[in-house]
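Analysis of the macromolecular model
So the chains spell out like this:
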Amino acid sequence: MLRYLSRRLLGAIFVMWVVAMLVFFMMRIVPGDPFEAMLFDSGDPAAAEELRKKFGLDQPAHIQYLIWQWNTLHGEFGFSIYGSHQPVSRLIAEALPRTLSLAGLSFFLAVLIAVPAGIIAATRRNTGADYTVTVFAFIGLSMPEFWVAILLIIFFAAHLHWLPAIGYVPLSEGFWPWFSHLILPAVAVGTGFSAIMARMIRSSMIEVLKTDYMRLARSKGLSQQALTMYHALPNALIPVVTVMGISFALLMAGAVVVENVFAIKGLGRLLIQGILNRDYPLVQGTILVVSAIFVFSNLLVDLLYTIIDPRIRYDK
Amino acid sequence: MSNSTIDSSASATSRRQGFTQLRKLVWRDKKALIGTVVLTIFLIAAILGSLIAPYDPNGMDFDMMEPPSWSHPLGTDDLGRDLLSRVIVGAQVSLFVGVSTVIIALVAGLVLGILAGYLGGWVDHIIMRYIDLQWAFPNFIIAVYLVAVFGTGLSNVIVAISLAFIDDFARIARGMVLSIKEEQYVAAARTVGVSDIRIMWRHILPNAAAPIIVLATVSVSYAILGEATLSFLGLGVDASTPTWGLILADGRSFISRAWWLGIFPGLAIMLTVLSINFIGDALRDFLDVRETTAVD
């Protein structure tokens, strides 16, 4: 187990290193310079040159890379080229809790809806309930997250005035302010995920309900509830965890998009604005952190298997 | 010579039977029927585009932010542009990006996957390391990374989305090749002295087709969602081309006063994607493909 873990950890770090390097060099190969865009109005080449020097962009790419990598290993991501030149590590530190609480809340909401919906659809197969769940799952899967976000803003914020349309309040300022700002984005992010999971749980439950041990449990005269909750569900959840793992990554991707609709200054908003401004240090730093989240959540899911399904072992 | 004649006539018959079955399926399966009808409507809109659009999609007017009415069925935007015309023309870019990216990803992915699976060895090793790298991230995030590198614009978006989908196709193709490689008919073909390329083209590809068709269909819907999202975020096509994502981005600041700007373009995206998903699901049942976990 320990050997497996260390091998996977090394692999995860390697993936991050390769991604960071690819992004670093490819951004520099592609023509276009952040300062050209920035100084478009004043058009002073000397000022641009000075800024280039200040941010070390006048150096050859491989020197820049070595400096960047050295700093990154020391937890320094450099300074944002744009705006007030804030340290990228501080921007990321501020953004990270916002993105994680958004992804976390939407995960919770999605599971809350998808698990019962999937169970009901599977146990009452081919009834009206099953049909409803299936149709809703299809619709949920077909709506882009940002559009769900727009619909929620139109309805709950602009029309009913129940909830704020934009912004973020940290949890430390109270549960309700935090929750009221985050619930609409969380629903927008979680809709597609919930649809995928409900479908998975349904089909996986249907498979399990057909098995011999379920027939045996039924013939022992167990109640429907005991059958579903203690025999079928735990077994049906094993394949679902795979999808949860992939889909947690999807939640993060969704958060990246939805943050931009609700003006939540999370990782996604940093990334997108960094790209739009060609803010190299910001984009590199954000991509590194976002990639780390993906790579380690993949690893976490693989480890979760061993807990959920004791038949899986990684000793070899 | 005689061999290939028999071969092609047999495949023609089976193809004809396939089409008959497919037609039956469309009529029997309600989802497939609805999906085909809705998608056809959007396809016609995309092909005819500005011919059937009632107004010039970029033509400004003093009728600004008018709610839906007889003269403007979906209302007008903040610059007085007719929303229906913009949505119709927007279908063009969305469907073009959706289909072209999947074709590119399909061809490139198949080549990579078949090469990796059939040749094995170091070719397999290198290709698989790259695919594993992409596999660690959702397709949309890969596309965002690539746009970060290449920059925005229609052609860059197409490159970014197609590259993002390559790993799905390569992986499935490689898996198929590995399982088929050991089949007797492939061994037989090799014994007779058929070349590697011909074996891949004539024997392996047709037998790997079913899951790849399903994946390709579903991928079109994800590609459309991806393009819409990129455009919405300002990372997509340039602002002069009306695409569904861009129309929504333009209308976003006015949705509290003009709900139609936030509803209709999104509805177009949803209906298109939904109909493709319906068709994909029917195909999956029809071709008897186990549900894959390629959800992004």
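Attention here is on the structure that accompanies the text. Predicted, not measured: the structure shown is a model, and the values here were computed from it.

Topic: the overall build of chain B
Secondary structure assignment for chain B yields 11 helices and 0 strands. Traced from its N-terminal end to its C-terminal end, chain B shows the element sequence α-α-α-α-α-α-α-α-α-α-α. Looking at chain B residue by residue over its 296 residues, the buried ones come to 47%. In chain B, the proportion of contacts linking residues at least 24 apart, taken out of those at least 6 apart, comes to 69%.

Here's the deal with the overall build of chain A
Across its full length, chain A carries 12 helices and 0 strands. Across the 316 residues in chain A, those meeting the buried criterion constitute 39%. Contacts in chain A between residues far apart in sequence, at least 24 positions, make up 71% of those at least 6 positions apart.

Quick word on the interface of chain A and chain B
A common measure of how large an interface is: the accessible area buried when the components associate. Each side of the interface is counted separately: chain A has 40 residues, and chain B has 36 residues. Breaking the side of chain A that touches chain B down by element, the ones donating at least two residues are helix H1 (2–29), helix H6 (128–142), helix H7 (145–159), helix H8 (175–209), helix H10 (224–261), helix H11 (267–276) and helix H12 (280–308) of chain A.

A word on the packing of helix H9 (residues 209–232) of chain B against helix H11 (residues 259–287) of chain B
Residues and elements named next belong to chain B. Between H9 and H11, the least distance of the axes is 9 Å, while the angle of their chain directions is 170 degrees. On the basis of the axis angle, H9 is roughly antiparallel to H11. Contacts from Ala210, Ile213, Val214, Thr217, Val218, Val220, Ser221, Ile224, Leu225 and Ala228 of H9 reach H11 at Ile269, Thr272, Val273, Ile276, Asn277, Ile279, Gly280, Leu283, Arg284 and Leu287.

Looking at unusual backbone geometry
Even without being a glycine, Ala263 of chain A presents a positive backbone phi close to 50 degrees. Examined against the element boundaries, Ala263 of chain A turns out to sit in the loop between H10 and H11.

Details of the environment of Phe146 of chain A
Looking at the element boundaries, Phe146 of chain A is found in helix H7. The spacing of Phe146 of chain A and Leu109 of chain A is 37 residues in sequence and 18 Å in space, taken between C-alpha atoms.

With respect to the environment of Phe262 of chain A
All names here are of chain A. Mapped onto the elements, Phe262 comes out in the loop between H10 and H11. Given 25 C-beta atoms within 10 Å, Phe262 falls into the buried group. Once you skip the residues sitting within four places of it in the chain, Phe262 turns out to touch Ala149, Ile166, Leu184 and Pro185.

What about the packing of H6 of chain A against H11 of chain B?
Axis angle and axis distance: for two packed helices, these are the angle between their axes and the distance between the axes, and together they describe the pair. It is at 8 Å that the axes of H6 of chain A and H11 of chain B come closest, and there the two elements cross at 125 degrees. By the angle class used here, H6 of chain A and H11 of chain B are oblique. In the packing of H6 of chain A onto H11 of chain B, the handedness of the crossing is right-handed. Mapping the contact onto sequence places Phe138, Ile139, Leu141 and Ser142 of chain A in H6 of chain A and Met270, Val273, Leu274 and Asn277 of chain B in H11 of chain B. Taken together, the residues of the contact of H6 of chain A with H11 of chain B sort by class into 6 nonpolar, 2 polar and no charged.

Criteria and thresholds
- Residues numbered from 1 in each chain as written.
- Chains lettered and ligands numbered in written order.
- Predicted model: local features only at pLDDT ≥ 70, side-chain atom pairs only at ≥ 80, totals over all residues.
- Helix = DSSP H or I, 4+ residues; strand = E, 2+ residues; numbered from the N terminus.
- Buried ≥ 20, exposed ≤ 12 C-beta atoms within 10 Å, placed from the backbone.
- Contact = placed C-beta atoms within 7 Å.
- Axes fitted to C-alpha atoms, helices over the stretch in contact; angles between N-to-C directions.
- Parallel < 35°, antiparallel > 145°, perpendicular 65-115°, else oblique.
- Left-handed = near helix turned anticlockwise from the far one by under 90°.
- Nonpolar A, V, L, I, M, F, W, Y, C, P; charged D, E, K, R; others polar.

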